Amino acid sequence: MTPPTGSRHIGRAMTTPNKPPLDVFLCAPRGFCAGVVRAIDVVEKALARYGPPVYVRHEIVHNKYVVESLKRKGAVFVDELDEIPAGDAPVIFSAHGVPKSVPATATDRELFAIDATCPLVTKVHREAQIHHKRGRHVILVGHEGHPEIVGTLGQLPPGAITLVETPEDVARLDPPDAEKLAFVTQTTLSVDDTREVIEALKARFPAIVGPHTQDICYATTNRQEAVKRVAPLVDAVIVVGSPNSSNSQRLREVAERAGCPVARLIPRAGDIAWSDFEGIRRLGLTAGASAPEILVEEVIGAFAERYDVRLETVSTIDENVFFPLPRELRGEAAA
Ligand code: SF4
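What counts as what
Residues numbered from 1 in each chain as written. Predicted model: local features only at pLDDT ≥ 70, side-chain atom pairs only at ≥ 80, totals over all residues. Heavy atoms only, no water. 1 Å grid on protein atoms, 1.4 Å probe; cavity = no way out; pocket = protein on both sides within 12 Å on 5 of 7 lines; lining within 4 Å. Points joined across faces, edges and corners; volume = space filled by probe spheres on them. Helix = DSSP H or I, 4+ residues; strand = E, 2+ residues; numbered from the N terminus. Nonpolar A, V, L, I, M, F, W, Y, C, P; charged D, E, K, R; others polar. Axes fitted to C-alpha atoms, helices over the stretch in contact; angles between N-to-C directions. Parallel < 35°, antiparallel > 145°, perpendicular 65-115°, else oblique. Left-handed = near helix turned anticlockwise from the far one by under 90°. Contact = heavy atoms within 4.5 Å. Salt bridge = Lys/Arg side-chain N within 4 Å of Asp/Glu carboxyl O. Buried < 20%, exposed > 50% of the residue type's maximum accessible area, 1.4 Å probe, protein only. Near = heavy atom within 4 Å. Sits in = over half its atoms within 2 Å of the grid points. Core = buried A, V, L, I, M, F, W, Y, C linked by side-chain atoms within 4.5 Å.

J.: In this structure, what is going on with empty space enclosed by the protein? I would like to understand it.
T.: Which parts of space are left empty comes out when a probe the size of a water molecule is rolled across the atoms. If you walk through the whole model with that rule in mind, you get one cavity of 30 Å³ or more. Within this model, the largest cavity holds a volume of roughly 290 Å³. Around the largest cavity, the lining is made up of 25 residues, and of these C33, V36, H96, T188 and N247 lie nearest the centre. Put simply, the parts of the chain that give the lining of the largest cavity at least two residues each are helix 1 (34-50), helix 4 (119-133), helix 8 (218-230) and helix 9 (246-257). Among the elements that make up the lining of the largest cavity, the one with the highest residue count is helix 8 (three residues). Looking at side-chain class alone, the lining of the largest cavity contains 13 nonpolar, 11 polar and one charged residues.

Here it is as structure tokens:
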């Protein structure tokens, strides 16, 4: 849970006259979102209920620390379902969602599948399916190759959905019928970049229909807002998160664009390139939606060894979002 706005000193006992002062501004909200909490819970509850092994298709969330800790508890991560032997062991689909072909294959193979897709990603899948049923060609705004995009593209038959990333891609679009178009977006994009792409879509195809603004989720939006508030106040920003985490990458870009001279994405404290932070007096710190708070604390600890750290939380909004577990595991949660 994100701590309330306030300030405190870290490492006072370690303070020496040689330690320079450092103000660390903690962005709030930061770190785990409701979809990630739910996905990790799904794996842990499945392990508790069915015992190991529990198979997980792809990284359950994009964070190596989380994946490694689940592996130690008995989760087995696979790239595809054909790596899973026949049997009763559950297979869990990751928070990013899967193409329709994946649950279909699981059914064919009589595997026991549990879907940990974030409900906000499922909502985008449903939007795409409804547009398709209504005869609209769907434009998907997102980053090619990201698992969420692979999953959303895979909700519709080939040719029914087209991926765009930039306004330049929009200019090159050649849809079957400009009067029957709809758009959906990836949930973890830059709010500002996506606004530009949607404006380009609406300018070129005035009849296009889509969500009121975009499908970027509350967690992505809130974490970007907090970084925008902090970035102009500091000499450097650190985003704790994995390089393959889309929302973490976007946080680093948002910090840079908000005028912060040094913005770095780091998976762990051990990855800090200290030469990047020489001479700083004020540091902004946040974490992507799949990064656990323990890794933020690790980074604070690393700075506290070198600086007299004063922590201040900059809070932009309170989050109270919670998603219930998939029905296969709800009894376990109640227990
Ligand atoms: S970042 Fe957003 S869409 Fe992704 S898991 Fe979290 S809440 Fe769901």
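From this point on, the discussion continues.
J.: Before we go on, may I ask you to explain the packing of helix 8 against helix 9 in this structure?
T.: When two helices pack together, their arrangement is captured by the angle between the axes and the distance separating the axes. For the pair helix 8 and helix 9, interaxial distance at closest approach is 9 Å and the crossing angle is 25°. With respect to their mutual orientation, helix 8 and helix 9 come out roughly parallel. Considering the relative orientation of helix 8 and helix 9, their crossing is right-handed. Facing T220, R223, Q224, V227 and K228 of helix 8, the residues of helix 9 in contact are N247, R250, L251, V254 and A255.

J.: Quick question: what am I supposed to make of the pattern of salt bridges here?
T.: Two side chains of opposite charge can pair, provided their charged atoms sit close to one another. One pass over the structure, following the stated rule, counts 18 salt bridges. The closest approach of N and O atoms between K228 and D192, which form a salt bridge, is 3.1 Å. Linking K228 in helix 8 with D192 in helix 7 (residues 191-204), this pair joins segments that are 36 residues apart in sequence. By relative accessible area, which is 26% here, K228 ends up partly exposed. A single network of salt bridges, built from pairs that share partners, joins D192, R195, E225 and K228.

J.: Would you explain the layout of surface pockets in this entry?
T.: The computed volume of the second largest pocket comes to approximately 520 Å³. Along the wall of the second largest pocket there are 23 residues; nearest its centre are D115, T117, T122, H125 and R126. Residue assignment for the lining of the second largest pocket shows that the elements contributing at least two residues are strand 6 (112-115) and helix 4. Among the elements that make up the lining of the second largest pocket, the one with the highest residue count is helix 4 (six residues). Among the residues forming the lining of the second largest pocket, the class breakdown is 10 nonpolar, five polar and eight charged.

J.: Got a minute to help me understand the site of the ligand in this structure?
T.: Taken together, C33, G35, C118, L120, T187, T188, C217, Y218 and A289 make up the full set of residues adjacent to the ligand. With respect to the detected pockets, the ligand is housed in the largest cavity. When its residues are assigned to classes, the shell around the ligand shows six nonpolar, three polar and no charged.

J.: So what exactly am I meant to see when it comes to the nonpolar core here?
T.: Generally speaking, nonpolar side chains in soluble globular proteins are found buried as a group. V43, I60, V61, L70 and I92 are the most contacted members of the largest nonpolar core, which has 31 residues in total. Mapped by element, the contributors of at least two residues to this core are helix 1, strand 3 (54-57), helix 2 (64-73), strand 4 (75-78) and helix 8. Per-element tally for this core: the top contributor is helix 1, with eight residues. Residues contacting V43, with those up to four places away along its chain left out, are V56, I60, L70, A75 and I92. I238, V240, A291 and V296 belong to the second largest nonpolar core, which has 26 residues in total.

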